Amino acid sequence: MARSSSGIVAGLTAAAVAAVGFLAYQASASAPAMRAVAPQQPGTVTPDKGTGNSQGKQQEFALPANSGTGVRVVYAVGTKRVWLVGEAGRKPKTFTVVPSTVHPAPGSYTVTSRSGQVTGSDGVPIEHVVRFASSAGVAIGFSARVDGRLPEPDPSRKTGGIRMSRADGDAMWTFATIGSKVVVVP
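What counts and what doesn't
Starting afresh in each chain, residues are numbered from 1 along the sequence in its written order. With the structure being a predicted model, the display of local features is reserved for residues of pLDDT at least 70 and the display and counting of side-chain atom pairs for 80 or more, all residues being used for whole-chain, interface and lining totals. Side-chain metrics rest on all non-hydrogen atoms present in the structure, leaving aside hydrogens and water. Note on aromatic pairs: the rings of Phe, Tyr and Trp (six-membered ring only in Trp) are paired at centre separations within 6.5 Å, and the planes decide the class, stacked below 30 degrees, edge-to-face beyond 60, tilted for the rest. In this description a helix means any DSSP run of H or I spanning at least four residues, a strand means any run of E spanning at least two, and both kinds are numbered starting from the N terminus. When accessible area is computed with a 1.4 Å probe and restricted to protein chains, residues below 20% of their type maximum are described as buried, those above 50% as exposed, and intermediate ones as partly exposed. Lysine and arginine charges are scored as sitting over a ring when NZ or CZ, respectively, is within 6 Å of the ring centre and within 35 degrees of the ring normal. For two strands to pair, DSSP has to find at least two bridges joining them. Note on definitions: angles span 0 to 180 degrees between N-to-C directions of axes, and those axes are lines fitted to C-alpha atoms, for helices only across the stretch in contact. Pairs of N or O atoms are called polar contacts if they sit within 3.5 Å, as long as, within protein, a hydrogen donor faces a hydrogen acceptor (for residues adjacent in sequence, only side-chain-to-side-chain pairs). What makes a nonpolar core is a set of buried Ala, Val, Leu, Ile, Met, Phe, Trp, Tyr and Cys residues whose side-chain atoms join them at distances within 4.5 Å. Contacts are residue-level and defined by heavy atoms, with any inter-residue pair within 4.5 Å sufficient. Just to be clear on terms, a salt bridge is a Lys or Arg side-chain nitrogen sitting within 4 Å of an Asp or Glu carboxyl oxygen.

Once that is clear, we can look at the packing of aromatic side chains. For any pair of aromatic rings, geometry is given as the distance between the ring centres together with the angle between the planes. A full pass over the atoms with the stated rule returns three aromatic pairs. Centre to centre, the rings of tyrosine 109 and phenylalanine 132 are 5.6 Å apart; their planes meet at 70°, and the pair counts as edge-to-face. Of this pair, tyrosine 109 sits in strand β4 (residues 107–110) while phenylalanine 132 sits in strand β6 (residues 125–135), placing them 23 residues apart in sequence. Taken together, a centroid distance of 5.0 Å and an interplanar angle of 25° make the contact between phenylalanine 132 and phenylalanine 142 stacked. Note that phenylalanine 132 is positioned in strand β6 and phenylalanine 142 in strand β7 (residues 138–145), a separation of ten residues in sequence. Note on phenylalanine 142: relative accessible area 0%, which makes it buried. Taking NZ or CZ as reference, arginine 81 lies 3.5 Å from the ring centre of phenylalanine 61, over its face. For the cation-ring pair, arginine 114 lies above tryptophan 173, with the distance from its terminal atom to the ring centre recorded as 3.7 Å.

What links the strands of a sheet is backbone hydrogen bonding, and the strands pair in either a parallel or an antiparallel sense. Taken together, four strands build an open sheet; the order of strands is β5-β6-β7-β8 and the sheet is mixed. For this open sheet the edge positions go to β5 (113–119) and β8 (161–164), each flanked by a neighbour on one side alone. Taken over all neighbouring pairs, the strand axes of this sheet differ in orientation by 30° on average, direction set aside. Bridge count between β5 and β6: six bridges; the pairing is antiparallel.

Let us now look at the side chain of arginine 81. Mapped onto the secondary structure, arginine 81 falls in strand β2 (residues 81–85). Looking at arginine 81, its side chain comes within polar contact range of the side chain of threonine 94, at 3.0 Å.

Turning our attention to the nonpolar core. The biggest cluster of nonpolar side chains holds 23 residues, and the ones touching the most others in it are Val73, Tyr75, Val82, Phe132, Phe142 and Met172. Elements represented by at least two residues in this core include exactly β1 (72–76), β2, β6, β7, β8, α2 (166–175) and β9 (181–185). Other than its neighbours up to four places away in sequence, phenylalanine 142 contacts Val73, Tyr75, Val82, His128, Val129, Val130, Phe132, Ile162, Met164, Met172 and Val182. Grouped together as the second largest cluster of nonpolar side chains are six residues, Val74, Ala76, Trp83 and Val185 included.

Moving on, we get to the environment of glycine 137. As for its position among the elements, glycine 137 is in the loop between β6 and β7. Since its relative accessible area comes to 79%, glycine 137 is described here as exposed. Between the C-alpha atoms of glycine 137 and glycine 160, which are 23 residues apart in sequence, the distance is 9.8 Å.

Bringing the pattern of salt bridges into the picture now. Overall, the coordinates contain four salt bridges when judged by the stated rule. Between aspartate 168 and lysine 93 there is a salt bridge, and its shortest N-O distance comes to 3.5 Å. Highlighted residues: aspartate 168 in helix α2 and lysine 93 in strand β3 (residues 93–96), separated in sequence by 75 residues. Just as aspartate 168 is buried, lysine 93 falls in that class too.

Right, let's get into the sheet that holds β1. Strand order in the open sheet formed by five strands is β3-β2-β1-β9-β4, with mixed pairing between adjacent strands. Edge strands, defined here as strands with exactly one partner in the open sheet, are β3 and β4. Each strand of the sheet is rotated relative to its neighbour by a mean of 20°, with strand direction disregarded.

As structure tokens, then:
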């Protein structure tokens with residue numbers, strides 16, 4: 001009898017180990033990819049795709065006046081652009097975004113929460129969510145769609161997701177940790 005019960009225990013142990021391994025694989029497969037972001041070299045500006053610049057030159061976008069000082073994220077609602085402003089003497093990384101239907105008021109904020117991957121208020125899977133404000137009961141933050149698309153939001157829905165490309169989302173995720181400063185300008 002001892003021999004058959006030890007075989008049962010061994011079989012159950014093997015099945016449990018296999019189940020745990022399968023669940024670990026599923027969890028890792030559904031986690032957002034944490035791609036490495038190369039540090040930007042001093043004096044470079046990230047060019048926008050599709051800017052119509054046929055000569056391939058990088059177009060510079062000046063940091064808005066009255067956008068604060070120090071290390072910060074600057075979001076210009078009117079020009080649909082973000083700057084990641086690092087240490088003094090380094091040009092900021094800048095890129096375009098697709099604004100949400102609910103906009104934050106101009107002012108200074110701090111990053112209050114982050115999520116690696118969730119479903120957005122529009123029902124779309126998103127990653128690298130960096131939240132910093134709320135308005136009319138809607139959380140506002142930066143994010144990237146997992147599918148990489150950047151459509152305009154449905155104007156009939158109240159959403160707070162300021163969308164960007166996945167590469168720019170990676171850069172934002174690395175740059176804007178909890179407590180980071182976010183300055184919103186008109």
